[in-house]
Amino acid sequence: MTAHALLKSAHSGNPMPQDLNPAHQALWIEQAGDWHTAHDRCDRISEPAGSWIHAYLHRVEGDLSNASYWYHRAGKEMPSNTLEQEWIHLVESLA
C-alpha cells in the first residue's frame, strides 16, 4: 500500500486494514487519531524502526527533547521537514 493510500485509509473512518506490518499499523493508528495506542505499539516494533516511529510520535506531541532521545536511539537526526513529510518517509522506508 502506498503512503497516500495508507493515509487515505486512516482518514476514512473504516477499520484498519488487516494486512499491515506492525510499523504501518502504528502509523495508521496515529493518523486515525489515536496517538496513545500508536505510542504503545512502538514497543512491539523491532529496532531501529520502533525507535524511529517513537521519535516521530514525540515530535507530533511537541516533546522535542524526548523525540531527540528516540531519534538518537534510532540512529537518525531529528528532521527539519514537516510532520506530514516525515510520516510519508516513514511509511515508504518501513514497507
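Here the structure is shown first, and the text comes after it.
Everything numeric here is computed off the predicted structure, so don't read it as measured data.

In terms of regular secondary structure, the protein is built from six helices and zero strands. For the protein, the sequential pattern of α-helices and β-strands runs α-α-α-α-α-α. Over its C-alpha atoms the protein spans a radius of gyration of 12 Å, differing by no more than 12% from the 12 Å that the globule rule assigns to 95 residues. Principal-axis analysis of the C-alpha atoms gives the protein an extent of 35 × 25 × 20 Å. A total of 95 residues make up the protein; the buried ones form 45% of that total. A sequence separation of at least 24 residues applies to 41% of the contacts in the protein between residues at least 6 apart. For the protein, the accessible surface area stands at approximately 5400 Å², while carbon and sulfur atoms represent 50% of it. Side-chain charges in the protein split into 6 positive and 12 negative, and the spacing between the mean points of these groups amounts to 4 Å.

With that out of the way, let us pick up the pattern of salt bridges. All told, the structure shown has two salt bridges when counted by the stated rule. One salt bridge in this structure joins Glu 47 and Arg 73, with 3.8 Å as the shortest N-O distance. Residue Glu 47 is found in the loop between helix H3 (35-41) and helix H4 (49-61), and its partner Arg 73 is found in helix H5 (residues 64-74); the two are separated by 26 residues along the sequence. Take Glu 47: its relative accessible area is 47%, and that puts it in the partly exposed class.

Our next topic: helix H2 (residues 22-31). In terms of residue burial, H2 counts as a mostly covered element, since nine of its 10 residues are buried. Those residues of H2 that are buried are in contact with helix H1 (3-10), H3, H4 and helix H6 (83-93). In this structure Asn 21 caps H2, since a side-chain oxygen of it lies 3.0 Å from the backbone nitrogen of Ala 23. Taken from the residues just after H2, Gly 33 is the one with a positive phi, measuring 105°.

Here is what the cut-offs are and how they apply
Residues numbered from 1 in each chain as written. Predicted model: local features only at pLDDT ≥ 70, side-chain atom pairs only at ≥ 80, totals over all residues. Heavy atoms only, no water. Helix = DSSP H or I, 4+ residues; strand = E, 2+ residues; numbered from the N terminus. Rg over C-alpha atoms; globule rule 2.2 N^0.38 Å. Buried < 20%, exposed > 50% of the residue type's maximum accessible area, 1.4 Å probe, protein only. Contact = heavy atoms within 4.5 Å. Areas by Shrake-Rupley, 256 points an atom, 1.4 Å probe, with all protein chains shown as cover. Lys, Arg positive; Asp, Glu negative; His and termini not counted. Charge placed at Lys NZ, Arg CZ, Asp CG, Glu CD. Salt bridge = Lys/Arg side-chain N within 4 Å of Asp/Glu carboxyl O. Polar contact = N/O pair within 3.5 Å; in protein donor to acceptor, adjacent residues only side chain to side chain.

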